[in-house]
Amino acid sequence: MSKPVLVIGGGPAGLAAAHALASVGRNVTLIEKEDRLGGAPILSGYAKLVPSGEWAKDAIGGMVGRVEGNGLVDVRLNTTVKAFDGTPGAFSAILSDESKIDAGAAVLCTGFTHFDPVNKPEWGFGTFQDVVTTTQVEQMISSGNGVRCPSDGRKPKRVAILLCVGSRDRQIGREWCSKVCCTVSSNLGMEIREELPDTHVYIYYMDIRTFGLYEDLYYWRSQEEFKIKYIKSRIAKVTSDGERLIVKGEDTLVKRPISIPFDLVVHAIGMDPNVDNLLLSSVFDVELEGHQFLKRASTYDSMAGTSRPGVFVAGAATGPETIDDSIAQGQAAAMAVLSILSQAAAE
Ligand SMILES: Cc1cc2nc3c(=O)[nH]c(=O)nc-3n(C[C@H](O)[C@H](O)[C@H](O)COP(=O)(O)OP(=O)(O)OC[C@H]3O[C@@H](n4cnc5c(N)ncnc54)[C@H](O)[C@@H]3O)c2cc1C
Ligand code: SF4
């Protein structure tokens, strides 16, 4: 029997890679450090996904189901890789439970870490209970409890969504755009208005990056159909007058200071490099790029390659990615694995 392929990380990218490899008869060992598969959309309880509108638990849950139900995929939960040695076609790994497994190749699908907005203290997260993150609002919606102010459970009458929290911010060393949060925020705004039609939703932005086909589906639709208001601004701070939260800053279109009260302030948090990346880089002997995401060997030639032959990478491990691109990269990495394993077998 051929050696299994080690897939590390059971999010959309890892699930896609594992399924693609198993569907051509390859054995896969899927290593996931948490107690469930599904990655960020399941672990963080996302609600309806962009752009399909499907609930995350159905869309990504379906991907989990087909991998868990596949006899060729050996799923190891609550597990990490401690050591990894060898050459393409003949690697061996030691896992955190001390078991040893052989592998033909490895695919790192270890994703990202959500930005923690306590690192942006002037915007009120961690100080005021009713300053929350997009993931918290996703959870309020997906749990069926509805969007409420954590301080007292009331329905918010006025909601502000602040974009680029932990992205495009050189002061805190996060220069990158997290790619999906403009679209996710427009979508969340529409979901809030659907549930609470009397609630006013404002989105504070630097630029709107509802890229590609998302411009009319999210940016224009959220304004024209759902009456969400967009304020081009620079935010100074989020404070409280004792009753409501106050978002203070400058309206950069009219160049005037603005100070507007809200019941709920939502941070559209960005995608940080996985906090494990230094360790992963050392265990798998692969290079990181300048921001500490995992580095791709090349952009066009072998997109799934890393600096180490036989070790591949896919999804948000390489930088901010959407779910559909992460899935596509997982499948591309599976193809690259098959190619290198057939070369190794021929030698
Ligand atoms: C608030 C928010 C909402 C979003 N909504 C959407 C949306 O609607 N549509 C969309 O296209 N994109 C959305 N995204 C982006 C989406 O989360 C990513 O595209 C997607 O999760 C990337 O999949 P992945 O498999 O690469 O990584 P992840 O989902 O991060 O999965 C990585 C997996 O690897 C595991 N792992 C990590 N380190 C290790 C390790 N050392 N050993 C073993 N396992 C490990 C993790 O536990 C996790 O299960 C959103 C992002 C945010 C922040
Ligand atoms: S996608 Fe939008 S909110 Fe997210 S970092 Fe880029 S510009 Fe900011």
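(A) Local environment of the site of ligand 2. Around ligand 2, the surrounding shell holds 13 residues, and the nearest of these are C164, S167, C177, C181 and C182. When residues of the shell around ligand 2 are traced back to their parent elements, those giving at least two are β10 (158-165) and α5 (181-195). Partitioning the shell around ligand 2 into residue classes produces six nonpolar, three polar and four charged.

(B) Expanded view of the domain arrangement of the protein. Under the domain assignment used here, the protein contains domain 1 (5-111 + 274-346) and domain 2 (117-270). Each of domain 1 and domain 2 was reduced to a C-alpha centroid, and the two centroids are 32 Å apart. Of the residues lining the interface, 14 residues belong to domain 1; the matching set on domain 2 comes to 17 residues. Classifying every residue of the side of domain 1 that touches domain 2 gives six nonpolar, five polar and three charged.

(C) Local environment of the packing of helix α1 (residues 12-23) against helix α3 (residues 56-68). Between α1 and α3, the least distance of the axes is 10 Å, while the angle of their chain directions is 35°. Classified by chirality, the crossing of α3 by α1 is left-handed. The residues of α3 that touch α1, namely those facing P12, L15, A18 and H19, are I60, M63, V64, R66 and V67. Looking at side-chain class alone, the contact of α1 with α3 contains seven nonpolar, one polar and one charged residues.

(D) Summary view of helix α8 (residues 323-346). In this model, α8 (24 residues) spans 35 Å end to end at C-alpha, consistent with the 34 Å of a helix rising 1.5 Å per residue. All of the buried residues in α8 are I323, S326, I327, Q329, G330, A333, A334, A336, V337, I340 and L341. In this fold, the buried residues of α8 make contact with β1 (5-8), α1, α2 (39-43), β7 (105-108) and β17 (311-313).

Cut-offs used in this document
Residues numbered from 1 in each chain as written. Chains lettered and ligands numbered in written order. Predicted model: local features only at pLDDT ≥ 70, side-chain atom pairs only at ≥ 80, totals over all residues. Near = placed C-beta within 6 Å. Helix = DSSP H or I, 4+ residues; strand = E, 2+ residues; numbered from the N terminus. Nonpolar A, V, L, I, M, F, W, Y, C, P; charged D, E, K, R; others polar. Domains from an automatic or database assignment. Contact = placed C-beta atoms within 7 Å. Axes fitted to C-alpha atoms, helices over the stretch in contact; angles between N-to-C directions. Left-handed = near helix turned anticlockwise from the far one by under 90°. Expected span 1.5 Å × (residues − 1). Buried ≥ 20, exposed ≤ 12 C-beta atoms within 10 Å, placed from the backbone.

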